[in-house]
Each structure stands twice: as structure tokens, then as C-alpha cells.
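Secondary and tertiary structure notes
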Amino acid sequence: MVKIMTQLMTEDGIRCDGRRLDELRNISIKVGVLKNADGSAYIEFGKNKILAGVFGPRDVHPKHMANQDSGILRCRYHMSPFSVTERKNPAPSRREIEISKVIKEALQPSVILKDYPRTVIDVFIEVLQADGGSRCAALDAASVALADAGIPMRDLVSACAAGKVADRIVLDVNNEEDQEGQADMPVALMPNVGKITLLQLDGMLKPEEFKTCMQTALVGCRKVYEVQRKALMEKYFQTGEQ
Amino acid sequence: MVKIMTQLMTEDGIRCDGRRLDELRNISIKVGVLKNADGSAYIEFGKNKILAGVFGPRDVHPKHMANQDSGILRCRYHMSPFSVTERKNPAPSRREIEISKVIKEALQPSVILKDYPRTVIDVFIEVLQADGGSRCAALDAASVALADAGIPMRDLVSACAAGKVADRIVLDVNNEEDQEGQADMPVALMPNVGKITLLQLDGMLKPEEFKTCMQTALVGCRKVYEVQRKALMEKYFQTGEQ
Amino acid sequence: MVKIMTQLMTEDGIRCDGRRLDELRNISIKVGVLKNADGSAYIEFGKNKILAGVFGPRDVHPKHMANQDSGILRCRYHMSPFSVTERKNPAPSRREIEISKVIKEALQPSVILKDYPRTVIDVFIEVLQADGGSRCAALDAASVALADAGIPMRDLVSACAAGKVADRIVLDVNNEEDQEGQADMPVALMPNVGKITLLQLDGMLKPEEFKTCMQTALVGCRKVYEVQRKALMEKYFQTGEQ
Amino acid sequence: MNSQIIDQLKREKILELLKTGKRIDGRSLDEQRALTIETGVIPKANGSARIKLGNTEVITGVKIQPDKPFPDLGDKGILICTAEILPLADPNVEPGPPNEEVIELARVVDRGIRETEMIDLHQLVLIEDKSVIGMFIDSSVIDSGGNLFDACSYASVAGILSCTVPKYEIKDEAPVLVEGVTSKPPIKTLPVSVTMARIGDYVVVDPTKDEESCMDARITITTNSDGNICAVQKGGSDGFTAEQLIQCSETALSVGRKIRKQFEQLK
Amino acid sequence: MNSQIIDQLKREKILELLKTGKRIDGRSLDEQRALTIETGVIPKANGSARIKLGNTEVITGVKIQPDKPFPDLGDKGILICTAEILPLADPNVEPGPPNEEVIELARVVDRGIRETEMIDLHQLVLIEDKSVIGMFIDSSVIDSGGNLFDACSYASVAGILSCTVPKYEIKDEAPVLVEGVTSKPPIKTLPVSVTMARIGDYVVVDPTKDEESCMDARITITTNSDGNICAVQKGGSDGFTAEQLIQCSETALSVGRKIRKQFEQLK
Amino acid sequence: MNSQIIDQLKREKILELLKTGKRIDGRSLDEQRALTIETGVIPKANGSARIKLGNTEVITGVKIQPDKPFPDLGDKGILICTAEILPLADPNVEPGPPNEEVIELARVVDRGIRETEMIDLHQLVLIEDKSVIGMFIDSSVIDSGGNLFDACSYASVAGILSCTVPKYEIKDEAPVLVEGVTSKPPIKTLPVSVTMARIGDYVVVDPTKDEESCMDARITITTNSDGNICAVQKGGSDGFTAEQLIQCSETALSVGRKIRKQFEQLK
């Protein structure tokens, strides 16, 4: 087996896809792209292409899962068979189940569930094409889709990863950097509330690097927030809908 | 891998099993062959050997599947592990699930479900030995088993395939003809009502052939109907039961 | 593949692990080893290391499984992945499902279920390390755990296997004897009531040997009973609890 | 609930009769129902049988095909017996993966044939450690009238006895079918399973569905042609005394001899 | 229940319009909704398409990778079409293993492409009996607005037409990717699936979700470029007359020709 | 519902104490419960440990056996950590396939050991791309008293440290066990997982089951012997501030050093 090692960074800090250390990939978000879902969003984040659809609040099935005092939030993160290099089995993997859980817990603080006892809000995420940082991009789309569905929210959730590549802290790790780099840290932030609702790390960071990396990711989250906000504004104010 | 190609037809239209173009295989149907089922039938159709058993109308489990305004019909088509050349895994395949659905939808127009709200009629079909046309033979047995169970019906459902073999339209495709031939078209008919309740096609037919093939199959269905009728008569009138 | 055949018995009836024909392996039972379970026991029986935990009587889920006139008993016998030589898949095998059933039916006569309609008593057994006779050892622990949970019982259930090795009837078959020997017969007894609640046999016994083997096993069951009794006494009388 | 009351009434009626030495269907306590065996019913299978034991009816098909041996068992062919209760056989059976009852049924049938060593598995080896003959004996209960253990066992044994084993040659380390050459399977002994039910103080052979619905406990004992006891399985929610079980082992031998004569005629 | 009443009212309204030769959305009975096709939407896949058929939207990705051939089919490559309805496409779809509707959908889409022999599978063989090229055509419904059969079929065909097939060389009996060399897939014909619904005495082409909710029966007919009829699937809880079905086969051919022109532009 | 009220009351009580710098069980906020480690408890396994962390108890067994490497990872052995919560460990756990909580638990334990690079997987290769040593580290929670993440991680690390790795020779391209020769596994560093819970404005180390039932959010941080932070997992239905998380990372390092000393004694 021959592995072609990409050079991940030039000496003057230019990354393998041409970005600077603190530069995000291109992001575009479209709101309200699905007709059947109560709310929806489509995000392109680097090479990630991800759809999110929201249904609810609606009745819970099976009923014994309902909560008398509050609504519940469910989340399914799923990758299309064609979204990755080798065709993926369509049945949800353990990885997808874990990511579904951390995304749910990252969205939960932003959603005001108390107002809808005995109901469920379902968030369905489909990764059509996967790149580094797909869970962050998925979260970004899901939060916008929740807003599009008219769910009352305390804040948006904005997510972005930082990492360590060629011994330097970089914003928004891409696929090659994720696979060949030294650390990947996905972070989700409620930008106005100032709460971090997702934090994971795979890799190896010195304590100082850990702090820098987190701060770098948070700067990225705030940039993503602007894109989310703009996408929602476009739908709800410029096109004049509702 | 060496495949021995059978000659599927002689020049004067005699088929590999000695039949003429418009000739059915031998069919025999026995009614009321099972003691536990509310109705049952056993069919031998060529080399097909198939049992059908009917239960109901009875309570639906789980209850949320019940329909307040009408009974429901369920159908399971299943092949025994020893029914085919290579031992078959006993878990239902996707093919068996699809055939279960088309058989259910072929029987449904014949059954008066409105009279039994909140109940289910279960049709269980077991293919003990499979030959070409097993879904048609299964339908023929299932319809007789429904009648044997005393379910109110608008008509019987009579099924038979036609197809294209060696460029000619033939009635009642057998296993070799199904595998080496050019088209297989299973058809189910409610003979008195004149409704076609199952139609499938795999193969390649010119528009004219499509018509001829369907008409050929319908002639076969009417012949099958006579066998079904005779089998029911034998049980209910000659043996004096009920 | 080279198999090293152990000599299973010396000419003067000493077995491969040094025991005499009618000698049990070392047994030790600890009662009340788990904090969350309502009752529990840990048994070491030869190289078997088995935990049993009991919950209940408690509400049945799903509800339709409840019995209006009586409590029900459920049992799960499960082997840890590391309990056997080759790592075992953690999903329950058909063998484990069958053993769960025979253990449940062996315990059932000892438990007074009539007093707890609409409830369930759950017995969970985990084989941490398996040796010959693990189902008997599991039963011994489970019966003690039921007593520890305060479930009203007619008697304990005491289990032990006998078998045929090198043409002789032996008590308490170990792993090598089970695999290379001629017969293995697990037996469970309610010692005071005198009822045999489990009997299985794999192997080949002449009718006379069948009787001897069963009687040998019953003697073993009575010895096991003393160990079970002592373990319960130690918890409930020497330590002064309850 | 309703059905529990009915089972209770059935039990009272059955026990009343048993006190006078009789059973509902007129049999004596140690009498089996009539067993009819028909073989060759599935011509596409390598062996097959359809048996009736009273109201219980089972079809067994045997498929024989080359296979890889199990690890560490490279000197033996493969023998696998399965059993399932078709949903058309019983109003209470639901389609779906096998539950614990069906798993027990299949495993007890399998053990009866395996532990008696009915088939000489060493003769089913094509290349040691690499290629062997596999025999799959699949039983389907098509009408459920009690005592499925014995019914499935009899159908399996009859299916095996009716088998013709195809011949395989080894070419380039792979087995290739030799057309038109077959042999009988290497039979060493004839296993007979006998199931008994305890109802109160009485033990009855070959229980019907009604008897099973109110029995206290069940025992299945399989013996071989030499009069050995080779497999036992106790079931049901109560127990037996030692004396009852020894009596059962003797009954299994004597009843087994009659059934074995029926098997002998199939050889 | 509620929804049954609504379906009943819908049906009355729809039938009333049909009597005057009209449909709710203004189409004539044999008119399809607008079909828009975009290809190359998933650059990481070997082929892909996103299609809209009215309010129905489907994304298909094609993955091509070396595989072992099916036993007894060593002279053919592998072609597998799947379909799933994403839970975000429809409020009534629940996540989980595919139910009978989805299995039928996937199998009908697959058969349409297989039976027309769209792809010359013999050209996908690398070493006969050992190594072939496998094409996996996976369709995901992302918005469900009726007639998923045709929508998934069109997306699959468009996905295949957009494919570039990588080249593989054989080294030491194993296929090795040759970087930078690709070809078009070996297309023999263009299958077009046309689905019709019977509502009362009327048959409408390309039913919407509303029309499907009150239809009596459904028929899907797939034709190829030579005007042959290659695959048919009847669905729904009622039937058709023979005359209706023959009429349907003619409609499938004529409507199919228009769609096929759209496909031609993708070649 | 009832249990929600109780959780609410618990939370009030716990918060009241936290305001005074105390916890229900008397610990300070950054204090772990006593950890006891016993190794070699499953002699039939290649390594094993039984650990208690307060009321939580876990047994880990390690099985080592030759395996095929993962594709594209032919220069590395296989390391798989699993975790399950036995139904006897907790009245709320039901038997069956693992739910999302258990899957997260297993994956976080696995990542902690994998990302710290505890084991030099390159040393577990027998023949590159063909045959490697696989280590299966299976943890079973037998008593559930809170903080299963750390408990399973500690049991897994202790199990690995207690391992003896059998020696395999290659014969005819297949690995063959060399009896009686073993070695220690190639350990590079000692991972320590430290889990903290936020309850209101307070962050506590090593939460009990009661503390978990009313916590707002959870964070698990795994560090290695060199003081690097290697794996992090946030959980729970609320979040943390950046300051809290940086504080947590420092706590993870300082608490980790104490636990690591206990591991050092097992080497």
C-alpha cells in the first residue's frame, strides 16, 4: 500500500488548500429549501454538502417516550451512501449514532422546550457529501433549520472546528488536515449567550495549545454565526416571506 | 463456469417441458388442508408446491395498526429453506417482502374488508417447492384459502403468467423459461368482476406483444379459475361439509 | 491442527484435575455483592466466575406482557466477551437464549409468583469466566440472589452436573471432561421439596448409567445446597443485617 | 385471562379422566398418537419427509452442499438441524425472528440427532480442514397439534433416511459435482425422541396441544438403536421427582422401539 | 381517521374536476409535471444527479468500485440500484430499516434499469469469474411530493449518464486504479419509467401526493429507446381493466419519448 | 414525573451544599472518589481488571488474538475498546442492543486510549498488510454509581497494563501460537480520563449518580503521561463557558496525575 503524503503546510503558513491559518473555507447557507419539512436549511461548508430538516413540535410516537413537563428534542445525523470515498452502508453506524447524540446535546440549550410539553421536535440531518468538519457544518444547518421552523430559541448555535496541523493551530480543519494532522477540535457556541454546547477533541495538544485552539474555534464560530444570520435575514426580510 | 443451454423450444412450438404454447402445467388444489388455520389450501402448479393459511378476521396486534373504519389485510409470502436449489436463508429476503406486498394488493380488491372494522385478516403463504410462476400459484392458493375461511368476497382472484420465449408468446412460464426466456409477465384477474389486480413484467416486449402476452395470461387466469372453483365445490358440496 | 489429548482419568479413578469420582470442585458464594440490584450473588465454582442480580417484583414493560393473575419471571443468561477462550460476540447467541429459558424454568417452581400479579422478577446472570457446568453454577447463584432480594420462595434451587468420563460416572464435570468425555448431565434440585427442576443430557448413557448419573448429580446438588445455605446464613445472621 | 380459565377447566377435566387411567382422545398414558411418514415430498431437495403425529404435521427438507468445515473440526462434515413453526400452523405464532420456544425446539431436535451420532460425520469430509459436505435439515411445522419436539425430530430423521447424497470430486482444491452419482448418507444409528408431560401426578406420552396447555412439566428423551439414552431436555414451569424421571427413561426406550421400527422401513 | 375523511373529501374534489377533464394543478390527464435535472451535484461520487419532478426532489449518487462478481454471473459486472425516503422528505416517514413500500420502490427502480439493459454489464468485467466493476446507484428522496417511482428512476438514469468510470488494471490478480484515466459507462439504451394512477374511471399520469392519497390503483411501466416495454409493476389496493392497461402502455411510450429527449441532452 | 420532582429536590439540596463548598458525600469539588484496582481477576483472559470508583464497579477483560489488519492500516495492530452496562448494574438498564448512551460511552473510552497512543500499534504487526495482533478490551459495568466514563477508562487501562501478550510465529503465512512465551504490551504512555459535571455555577470532579441526575452538562478530558490533552467529550443538555472549560482542562491534568500514580504501580 502506497500512501502519498501531502505536505500539509508551507513554511509560511499556507495550508494544503491555500488557506491561511485563521481562514474559514467557503460557507453558504440556504434557508427553507424543503417543502415538506416545517423548517430546513442546506449548507455548503468547504466540500461538505448537508441538508437539515425539522419537524415539530408534534406528537411523540411511541407515546411512552413523551415528557409531561417539556418537549423533547430528537436528532438523526445520517450520511448518504455516496457521501464518502468508499460507498457507505446506509444503516446508521455507531459513529453516526454518537454524532447524532452530541449534536442533539449541542442544540438542546438553544431550544425552549418547556413551552411544548408532550411533543417532540425532530431534527433530521443528511450529509450528501462529507468533508472535514461535517458535524460542525451539520450543526450550523440544523440550528438554522430550527429557526426556520419557527421554534422558539434562546440563540442560534454556531459551530466550527480548530485543530493542530504541522505544529500550528489552525481554524476549520479540512479532510486532509483531519486525517494527517495532529488534532481536531469541533466546537459549538451560542454566540449571544456565550455558552459552549459542543466540545470534542481527538489528537494531542499541550495545555497552552488547548486554550489557543479553543479560542481559535470560537472566533470561527462567531464568523459562522454571521453567515447563519445573513441566510435567515435573506429569507425572512429580503424576500418578504412571512 | 459451464452453462448448459437448454433449447427452449422446438421449431414447431413445443416447449422444453413438452407443452404447447398455450398450455398450462398441471394444477391441483386441495382445500381445507390445515386444522389450525381458519381457511387453507394446498396447490401444486407445475413443480410449485405451496401452502396457504388464513386467520381472521381477528384482533389486530399491535393495536395502533388497526383501522377504525375497515378491516385490514396482511400477507406474508415465505419460501422454505429447502424450496430452491441452493438452501435459502429462512429470514425473509427483500424479494419475499415485495412479493408479499403485491400479493396483498392483488387479493385486496376481492375481500370485503368494510364489514370488519378494527380487525385483521392474515394470509400466510409458504412455498415448499418453487418453480416458475410461484407468486401466481401462491395467489391462487391464497384466494381459495380466503374463501375456505368464510371471508366475504366479491370474486376469486385467479393468477397465471405469460411470457416470451424464443420470440413467441407462451402461457404459464416455467423455471427454465423464466431464467433463459425473454419476458415473464405474472397477471392476476378477478374473473367475474373483470379486474386485473396484479400485473408485473420483467423482460422485453414490443407494444403488440405486450397486448398479446396480457391476453394470453388472462386466458390462463380463466382456466385457473375453473380449477379453483372445482376444488372449492369438491370440499363444500361433494363431501357435504357445512 | 494438532490436538493434545489429555488423559482424562488415571486407572485408579483420579481425574485430570486431581479430583476423585464423587468430588466437587471448590465452590464459594458471596451474597449481596451488588449495590443496585435488589438481590445479588457471586459464585466461583471451579473456574466459573458468575454474577447474578435480581430486580423486582416491579412493573412489567411492555405492559401487555404482564399477567393479571400472577407475577412473571424473566431470566437472562449472558456470557462476557472475555469469558471464553476465543473472544465471544457480546450479542446473545442461540445457546445463551436456550440456557436462559431452561434456567428460568428451573427457578420458576421455587418462586411464589402468585403473590405479585402484574409484576415481573428479573434475573440477570453474567458469566465472567466460563468453565464446565456454567449453567448449574449460574442457577446456584441466581437462586441465592432471589433469596437475597427477599422474594418469597418454596425452596432454594441447587444445581450440579454429573457425567461419564473414561467409562465411569463422575460428579461435577469440568471443561476438559465436558469436551472430551462421554456424557454431561446438568441437574437442578429443590432439595427440601425433592423436585428436579432442570435435567439435560448430552452424550451416551446406558439405562443403568442414566440412573446412576442422575443419583450422583443429586448428591452433588445437596452438597451445593449446603454451600448456598451457609452463604446466606453468613450474610443474614453473622453480619447481623436485617 | 379467559384462556387461563379455560386452561384451568381443561386441566380439571383431563385430571379427572387421568384418575381413571384415560386420556381425552382415548389413548392410554404411554401411548403415542398414530405416526404417518411420507418421504420424497420435495423432489428438489436431496431428502424430504412429511409426517403427521396426530394433529401435528411437519415437513422437513434436506439440502446437501459442499461447505467449509468449522474451525477445529476439520475432520468432520457439517450437520445442522433447524426448526420453525410457520405462522399458518398456529393462530398464536407471529412471523418474525425465532423466540426462545422455537430456539429451544430447534436446538433439542438438533442435539437428539447429533448426540446419538446418527450420521458418521467423518465420512462427509472431502479434503480435511478445507472442504466438507454440509447437510442442512430444515423442519417446518405446518400444523401445530402438540408435541412439536418429537414431530420435528421424526420428520428430520425420516428426511435424512430418504436422502441421496450427491458425489463431489476435488478439482483445483474446489469440490465439483459429479452428475448422476449418489449414495445413501452414512447412517450409524436411529435416534428416537420421546416427549412426556407431567399433569398432576400423571405422566403422559406424546401430549396433545390441550394436554400441553395445562401440563406442569415436560421431558424429552432421545435414545439410539443400541438402547442408549443420548439426549434429555426438561421443560415447563415445574419439576419431576427422580422416580418419575427414571420411569420416563424406561418409557422412552420402550416407546422408542416402536417408532424405530417405522424408521427401519424407510432405510 | 381525520385524515381518512380529508382523503375522502380530496377524492370527491379531484373526481369532480376529472369529470371536466382537469386536474387540481391544471395539468391534463396525460401530462407530467416539469422535470428539471442537474448533474454533477456530488463531485466526490463517480456520477450524481439532483432532479425535481414537480414538488418531488431526489438526489442520486453513483459509486463505482471493483468487486467480486455474483456466483454464476462471472461474466457480468454488478449493478445495484437502491432508494430510500429520507425522514426529512416526509412528515410520515420514520427513521429505521426500510418498510415494504420502500423495498418495493427500490426494487422497481432497479428492475427498470436492469430489464431495459441500460448498461452493458459484460463490459464491466475485469477478470471473468474473479473481478468486476460494481456500480452502486443510491437514490435519496429529499422532498416527497408524489410519484417517487418515476422520480427515483429519472435521478438514477441521470446519475448513470453523468458517470465517469475509473480505469482499473489487474496486478497480481487484484484490480489497481489507474489514476486520471476514465471513460463513459457502456450505455445501450435509455429507460424511462412512467407511473399512472387510476382514480375512479380516470387514469392520470405522474400523480401528485394528493392524487396518490385517494387513488384506487397504480401502474408503473418502463420502456426503452427502441419502444419496447421492459418492466411493469401494478400497485395499490384495487385493479385495472385490460383496456385501461393497454391504454397505459401506450401512454407510457408516448410520455416516455418526451422524457427520453431530456436524457439525450445529458449524454 | 415523580422522579423529575425528586431530581429537582436533589438538585436544590446539592446546590445548597455546593454554595458552602461541600458535596453530599463530603468530598471537595475537585476530589475523586477512592479508586481501587484489582488485576488478574479473569485468569482465562490475557489481561483483566476489576475496579471500584466509589459505588461504581467495572470488570474489564482483554483478549489477544491474531487478526487481519483493517484495509489501509496494514502497518498497525488492532485495538478495540468496548463498554457495556450490564442489566444487573442498574435498574433502568434493559437488555438489548446498545442505545446511544452506551455507544457514546464505549466510543469515548476507546478514543481516550487510542488518541493518547497508549499502545504502540506498529509493534503488533506480524506480517505487514496480512496479519496483525488484535487486542479486544471489553468493559462491563457491573454496578452503576455514576461516572461510568472514567470507571470504564480506568478498568480498560488497568486491564491493558496487566496483559501478557502471547507470541505468534508465522508458518505458511499463518500465525501460530508459540506456547509459553509472552511479553508485556508495548505501552507508550498512561492515559487518564477525568470527568467533571457542571451543576449550576459549580463544576465537580467525578460525579456520583445523584450528581449526574441533576447536572447541567458534563465534560470528559483525557490526558497522557506528558501532560498533553488528547481527547475531550462534552455531554449533557446544557453548555459551559470557555473559562469553565479551561479550568476543567487544568483540573483534568492535576487530578490525572494522582490516578496515573496508581497506574504506575501496576506496570
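A short tour of the structure in this document, coming up. As the structure is a prediction and not an experimental result, all values here were calculated from the model.

Considering the overall build of chain D
Of regular secondary structure, chain D possesses five helices and twelve strands. Radius of gyration (C-alpha) of chain D: 20 Å, near the 18 Å computed for a compact globule of 267 residues. Seen through its principal axes, chain D has C-alpha atoms that stretch 70 × 40 × 35 Å. Looking at chain D as a whole, 58% of its 267 residues are labelled buried. Sequence-distant contacts, at least 24 apart, represent 68% of the contacts inside chain D between residues at least 6 apart. Accessible surface for chain D amounts to roughly 10,800 Å². Of this, 50% is attributable to carbon and sulfur atoms. Of the side-chain charges in chain D, 31 are positive and 41 negative, and the distance between the mean point of each set is 4 Å.

Describing the packing of aromatic side chains
Taken as a whole, this structure holds six aromatic pairs over all chains when the rule is applied. Above the face of the A:Tyr42 ring, E:Arg50 is positioned so that its terminal group lies 5.4 Å from the ring centre.

Section: the interface of chain C and chain D
Tallying the contact residues gives 34 residues for chain C and 40 residues for chain D. Between chain C and chain D, a total of about 3,200 Å² is buried, with carbon and sulfur atoms accounting for 54% of that surface. Linking chain C with chain D are seven salt bridges, by the criterion used here. When the shortest N-O distance is used, the salt bridge between C:Lys104 and D:Glu100 registers 2.7 Å. Here chain C is connected to chain D by 18 residue pairs in polar contact (both at pLDDT 80 or more). Counting only elements with at least two residues in the side of chain C that touches chain D, the list comes to helix H1 (94-107), strand S9 (195-205) and helix H4 (207-238) of chain C. In terms of residues, the side of chain C that touches chain D owes the most to one element, S9(C), which gives eleven residues.

Examining helix H2 (residues 134-148) of chain A
Residues and elements named next belong to chain A. Helix length check: H2 (15 residues) gives 21 Å between terminal C-alpha atoms against 21 Å at 1.5 Å per residue, within 8%. For H2, a buried count of 14 out of 15 residues is recorded, marking the element as mostly surrounded by other parts of the structure. Just past H2, the residue Gly150 takes up positive phi, approximately 80 degrees.

With respect to the interface of chain F and chain A
Opposite the 41 residues of chain F that make contact, chain A presents 35 residues. Summing the contributions of chain F and of chain A, the shared interface buries around 3,300 Å²; its carbon and sulfur component is 54%. Inspection of the chain F/chain A interface yields seven salt bridges. Its salt-bridge partner being A:Glu98, residue F:Arg111 comes within 2.8 Å of it at the nearest N-O pair. One can count 18 residue pairs in polar contact (both at pLDDT 80 or more) joining chain F with chain A. Element by element, the count of residues in the side of chain F that touches chain A is highest for helix H2 (residues 100-115) of chain F, at eight residues. In terms of strand pairing, strand S9 (residues 195-205) of chain A meets strand S12 (residues 229-235) of chain F through four bridges, oriented antiparallel. Bridge pairing in S12(F) places A:Leu205 opposite F:Ile229.

With respect to the sheet that holds strand S3 (residues 48-59) of chain B
Residue and element names in this part refer to chain B. A sheet is described by the order of its strands in space; here five strands give the open sequence S1-S2-S3-S5-S4, paired in mixed fashion. With one partner strand each, in any of the chains shown, strand S1 (27-31) and strand S4 (72-79) form the two edges of the open sheet. If you compare each strand with its neighbour and ignore which way they point, the axes differ by 15 degrees on average. Here seven bridges tie strand S2 (residues 39-45) to S3, and the two strands are oriented antiparallel to one another. Across the sheet, residue Ala41 finds its bridge partner in S3, namely Ala52. Relative to the sheet, helix H1 (residues 94-107) contacts S4 and strand S5 (119-129), its axis offset from that of S4 by approximately 140 degrees.

Some details on the side chain of C:Asp140
All names here are of chain C. For Asp140, the position within the fold is in helix H2 (residues 134-148). Here Ala159 takes part through its backbone nitrogen, which lies 2.5 Å from a polar atom of the side chain of Asp140. Apart from residues no more than four positions distant in its own chain, Asp140 is found in contact with Ile43, Phe45, Val157, Ser158, Ala159, Val224 and Gln228.

Things to note about the nonpolar core
With 125 residues, the main nonpolar core has A:Ile125, A:Leu199 and F:Met135 as its most contacted residues. Of the residues forming this core, the biggest block, eleven residues, is contributed by helix H4 (residues 207-238) of chain A. Leaving out residues up to four positions away in the same chain, A:Ile125 has contacts with A:Ile50, A:Leu51, A:Ala52, A:Cys75, A:Arg76, A:Tyr77, A:His78, A:Ile103, A:Ala138 and A:Ala142.

Overview of the pattern of salt bridges
The final tally for this structure, using the stated rule, is 126 salt bridges over all chains. Between C:Glu96 and C:Lys88 there is a salt bridge, with the nearest N and O atoms lying 2.9 Å from each other. You'll find C:Glu96 and C:Lys88 in the same group, each marked buried. Where salt bridges share partners, they join A:Arg15, A:Asp17, A:Arg19, A:Arg25, A:Asp131, A:Asp172 and A:Glu177 into one cluster.

Points about the packing of helix H1 (residues 94-107) of chain A against H2(F)
Axis separation between H1(A) and H2(F) bottoms out at 9 Å; the angle between their running directions is 105 degrees. In terms of axis orientation, H1(A) runs roughly perpendicular to H2(F). Across from A:Arg94, A:Arg95, A:Ile97, A:Glu98, A:Lys101, A:Val102 and A:Lys104 in H1(A), the residues of H2(F) making contact are F:Glu100, F:Glu101, F:Ile103, F:Glu104, F:Ala106, F:Arg107 and F:Arg111. Broken down by class, the residue content of the contact of H1(A) with H2(F) amounts to four nonpolar, no polar and ten charged.

The rules behind each value
Residues numbered from 1 in each chain as written. Chains lettered and ligands numbered in written order. Predicted model: local features only at pLDDT ≥ 70, side-chain atom pairs only at ≥ 80, totals over all residues. Heavy atoms only, no water. Helix = DSSP H or I, 4+ residues; strand = E, 2+ residues; numbered from the N terminus. Rg over C-alpha atoms; globule rule 2.2 N^0.38 Å. Buried < 20%, exposed > 50% of the residue type's maximum accessible area, 1.4 Å probe, protein only. Contact = heavy atoms within 4.5 Å. Areas by Shrake-Rupley, 256 points an atom, 1.4 Å probe, with all protein chains shown as cover. Lys, Arg positive; Asp, Glu negative; His and termini not counted. Charge placed at Lys NZ, Arg CZ, Asp CG, Glu CD. Phe/Tyr/Trp six-rings, centres within 6.5 Å; stacked < 30°, edge-to-face > 60°. Lys NZ or Arg CZ within 6 Å of the ring centre and 35° of its normal. Buried area = accessible area lost by both parts, 1.4 Å probe. Salt bridge = Lys/Arg side-chain N within 4 Å of Asp/Glu carboxyl O. Polar contact = N/O pair within 3.5 Å; in protein donor to acceptor, adjacent residues only side chain to side chain. Expected span 1.5 Å × (residues − 1). Pairing = 2+ DSSP bridges. Axes fitted to C-alpha atoms, helices over the stretch in contact; angles between N-to-C directions. Core = buried A, V, L, I, M, F, W, Y, C linked by side-chain atoms within 4.5 Å. Parallel < 35°, antiparallel > 145°, perpendicular 65-115°, else oblique. Nonpolar A, V, L, I, M, F, W, Y, C, P; charged D, E, K, R; others polar.

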